[in-house]
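# Chains, contacts and geometry: an overview
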Amino acid sequence: MLSTSKGAIYKWGLPLLIVIIIFLFWEIMVFIQDIPRWLLPPPSAVITSLIIDYKIIFNHTWITLLEVVLGFVIALSAGFLLASVIGISKTIEKSIYPFLIASQTIPIIVIAPMLLVWVGYGLLPKVIVVALISFFPIVVNTSDGMRSIDGDMEKLLLTMGAHKWHIFFKLRIPTSIPYLLSGMKVAMPLCVIGAVIGEWVGSSQGLGYLMIRSKPQFQTELVFAAILILSIMGITLFLLVGIIERLMIPWLHDSKKINE
Amino acid sequence: MAIKINKLNKQIGNSGSFLSVLTDVCLTAHTGHITSILGPSGCGKSTLLNIIAGLDFADCGYIDLDACVDTVKNTIYPEANTKKNLRLGNVAYMQQKDLLLPWRTVIENIALSLEIKGNNKLDSLSVATAYLADFGLVQFADNYPHSLSGGMKQRIAFLRTMLTESPIILLDEPFSSLDSLTRINLQIWFMDVISRISRTVVLVTHDVEEAIFMSDKIYVMSERPGHIENCYEVDFPRPRNTMIISDSKFMAIKSNLLRDLGVSHVIH
């Protein structure tokens, strides 16, 4: 009991302490230097605006979250499917991989406004940007996982009479799951950035839109409030993947030992 | 007679540089017996097992697997021309590492071969549970392999091998990673399990005492290129216990084996 509470303090207490110290320093510096609010608002002003404008912020947060989740789910499904195909066939891997890398060299900031022209103005172009940006780490990690099966385990299954599909479902996929999950962890914060980029180039809703709208109106504290919410969103989603990881791969976390 | 191998040859390498691994290997293993292949490291023992299991092809030679169940019978000469190896899937093969799938619990690991044979998962699990209960290990059923000791992992891997119900079982140094106490316990346990069924067991080892203690027949293999150098019958009655290790007949076989393996000074 003692050790678990100590662990919790280590895990959450220290980062929280650092945040508090940074905010205090920021607050004091703004006060001493007498920096105008529209240039750099103190944390107290940011939090105040969070409380006062919570309704507006909540509505925009909801939209951004929706874009992130939808885009991520699409990237996850498409990424896993493509990684499976790459895992099955060496030929497909060789023919697809260069295009996969090339797709990542296209600046997303160029693609995002084009998407507006191609698919319209609503939620869809943002979801596509999120999917495009988070697709790559998922495919690369998962296909690495598919290829890193233990050769001796493959032999074992073959001697049991396994054919290609047995190897795929009973060996390749389970081997790739931890890789998939670490790909998801990398992709998750990228999704949040993707949603903001998508909103930045043209939107009427979402936290990215809120930032663009607030800046010229000198409501800088609202810009910072949006940034704060985005960080919290990213961290929460990241932790959620961590929880999914613990549920999906209990053999890596369940560490109880047994004596003969 | 269950396994008959005659003049088996195998080379590895490509274009120009060939390395001869097995030359004219001949051996016979009987049903219900444990036949050992003893040899120094790198003599081609594992290659021989891979060929018997159907994972690898011989260049030329003759293999006849005619076991209690008439599932495997292919004569190959030379067999490299056949695309699909008929022995593959019909010979159980336990490799040096336990190779328990880490994402499967003990019971799921044991049920693996049944699932691959096309049984549905629930049936496979209930058969595996009954099997595990027979050997008094049912309390480990829901554990993941990483929580088990090395000896227990080998037991589970062995039971998984047995449950394939292949008439032929190949064991590639199954005790080599264990400490000596665990090893002797497991050797006795293995012999007990094997005595309950009638299978043809081929055990590959580089441990002289293990070979004498467990086998009915021992083939000695030379260094690369591997070929059979000598053959000994071991006729200690079963069940055996550790008492036989100090028997004079045991000592005699041991010094012969050590001489064959090129160990010149035997300490008695």
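Residues numbered from 1 in each chain as written. Chains lettered and ligands numbered in written order. Predicted model: local features only at pLDDT ≥ 70, side-chain atom pairs only at ≥ 80, totals over all residues. Heavy atoms only, no water.

### Considerations on the overall build of chain B
Heads up, the rule is: Each helix is a run of H or I in the DSSP string that is no shorter than four residues. Each strand is a run of E no shorter than two, and both are numbered from the N terminus. Accessibility here uses a 1.4 Å probe with only protein chains present; expressed as a share of the type maximum, an area under 20% marks a residue as buried, one over 50% as exposed, and anything in between as partly exposed. Contact definition: two residues touch when any of their heavy atoms are within 4.5 Å. Accessible surface area values rest on a Shrake-Rupley calculation with a 1.4 Å probe, where residue burial reflects the displayed protein chains alone.
Along chain B, the regular secondary structure elements total 8 helices and 9 strands. The buried share of chain B, reckoned over its 268 residues, is 54%. Pairs at least 24 apart in sequence give 68% of the contacts found in chain B among residues at least 6 apart. Surface summary for chain B: the accessible area is close to 11500 Å², and the carbon and sulfur share equals 53%.

### Section: the pattern of salt bridges
Residue and element names in this part refer to chain B. Selection criterion: Only one rule defines a salt bridge in this text: a Lys or Arg side-chain nitrogen within 4 Å of an Asp or Glu carboxyl oxygen.
All told, the structure shown has 17 salt bridges over all chains when counted by the stated rule. As a salt-bridge pair, Lys 249 and Asp 235 come within 3.3 Å of each other at their nearest N and O atoms. Here Lys 249, found in helix H8 (residues 248-260), pairs with Asp 235, found in the loop between strand S9 (228-233) and H8; they are 14 residues apart in sequence, far enough to count as distant. Linking Arg 259 and Asp 260 is a salt bridge whose minimum nitrogen-to-oxygen distance equals 3.3 Å.

### So, the sheet that holds strand S4 (residues 60-65) of chain B
Paired through their backbone hydrogen bonds, the strands of a sheet run either parallel or antiparallel. All names here are of chain B. Keep this limit in mind: For two strands to be treated as a pair, DSSP must find at least two bridges joining them. Axes, fitted as lines to C-alpha atoms, cover a helix only where it is in contact. Angles between the N-to-C directions of the axes lie from 0 to 180 degrees.
Taken together, 3 strands build an open sheet; the order of strands is S2-S1-S4 and the sheet is antiparallel. Sheet topology places strand S2 (19-29) and S4 at the edges, where each strand pairs with a single neighbour. Within the sheet, the average angular offset between the axes of one strand and its neighbour, ignoring direction, is 20°. Here strand S1 (residues 3-12) runs beside S2; their pairing, made up of 7 bridges, is antiparallel. Across the sheet, Lys 10 pairs through a bridge with Leu 22, a residue of S2.

### Notes on the domain arrangement of chain A
In many reports, interface size means the accessible area that the parts give up when they come together. Residue and element names in this part refer to chain A. Short version of the rule: Here the limits of each domain have been adopted from an automatic or database domain assignment. By buried area we mean how much accessible surface two parts lose on assembly, using a 1.4 Å probe and totalling the loss over both. Polar contacts here mean pairs of N or O atoms no more than 3.5 Å apart (in protein, one a potential hydrogen donor and the other a potential acceptor; neighbouring residues in sequence count only if both atoms are side-chain atoms). Each residue gets one label: Ala, Val, Leu, Ile, Met, Phe, Trp, Tyr, Cys and Pro are nonpolar, Asp, Glu, Lys and Arg are charged, and the others, such as Gly, are polar.
Each assigned domain of chain A is listed here: domain 1 (1-34) and domain 2 (41-259). Between domain 1 and domain 2, the residue contacts involve 5 residues of the former and 7 residues of the latter. Summing both sides of the interface, domain 1 and domain 2 together bury roughly 560 Å²; the carbon and sulfur share of this comes to 80%. When the buried area of domain 1 at its contact with domain 2 is split by residue, Phe 23, Trp 26 and Glu 27 rank highest and sum to 75% of it. Scanning the region where domain 1 abuts domain 2 turns up 0 salt bridges. Counting across the interface, domain 1 meets domain 2 through 2 residue pairs in polar contact (both at pLDDT 80 or more). A class-by-class count of the residues in the side of domain 1 that touches domain 2 yields 4 nonpolar, no polar and 1 charged.

### Some points on the environment of B:Ser177
Within the secondary structure, B:Ser177 is located in the loop between strand S6 (168-172) and helix H6 (180-195). Residues B:Ser177 and B:Asp98 lie 79 residues apart in sequence; the distance between their C-alpha atoms is 9.7 Å.

### A look at the packing of aromatic side chains
Residues and elements named next belong to chain B. Quick reminder of the rule: When two rings of Phe, Tyr or Trp (its six-membered ring) have centres within 6.5 Å they constitute a pair, described as stacked for plane angles under 30 degrees, edge-to-face for angles over 60, and tilted for the intermediate range. Each ring is checked for a lysine NZ or an arginine CZ that lies within 6 Å of its centre and within 35 degrees of its normal; such an atom marks a charge sitting over the ring.
The final tally for this structure, using the stated rule, is 14 aromatic pairs over all chains. Ring pairs connect the aromatic residues Tyr 131, Phe 135, Phe 158, Phe 175, Trp 189 and Phe 190, which therefore count as one cluster. In this structure, Arg 155 packs its charged tip against the face of Trp 189, placed 5.1 Å from the ring centre.

### What to know about the interface of chain B and chain A
Counting residues at the interface gives 32 residues for chain B, matched by 24 residues for chain A. Note on chain B versus chain A: buried area summed over both sides is about 2600 Å², and carbon and sulfur give 63% of it. Its largest share of buried area at the contact with chain A, chain B owes to B:Trp103, B:Ile116 and B:His146, together 27% of the area lost on that side. Our enumeration of links across chain B and chain A arrives at 3 salt bridges. Across the pair A:Asp150 and B:Lys97 runs a salt bridge, and its minimum N-O distance is 3.7 Å. The set of elements that each furnish at least two residues to the side of chain B that touches chain A consists of helix H1 (45-53), helix H3 (112-116) and helix H5 (150-163) of chain B.

### Observations regarding the sheet that holds strand S7 (residues 200-205) of chain B
All names here are of chain B. Spatially, S5-S6-S7-S3-S8-S9 is the arrangement adopted by the 6 strands of the open sheet, whose pairing is mixed. In this open sheet, the two edge strands, each paired with only one partner strand, are strand S5 (92-94) and S9. Sheet twist, expressed as the mean angle between neighbouring strand axes with direction ignored, is 15°. One ladder, built from 3 bridges, connects S5 with S6; its direction is parallel. By the bridge assignment, Met 94 is partnered in S6 with Leu 171. Running over the sheet, H5 touches S5 and S6 and is turned about 170° from S5.

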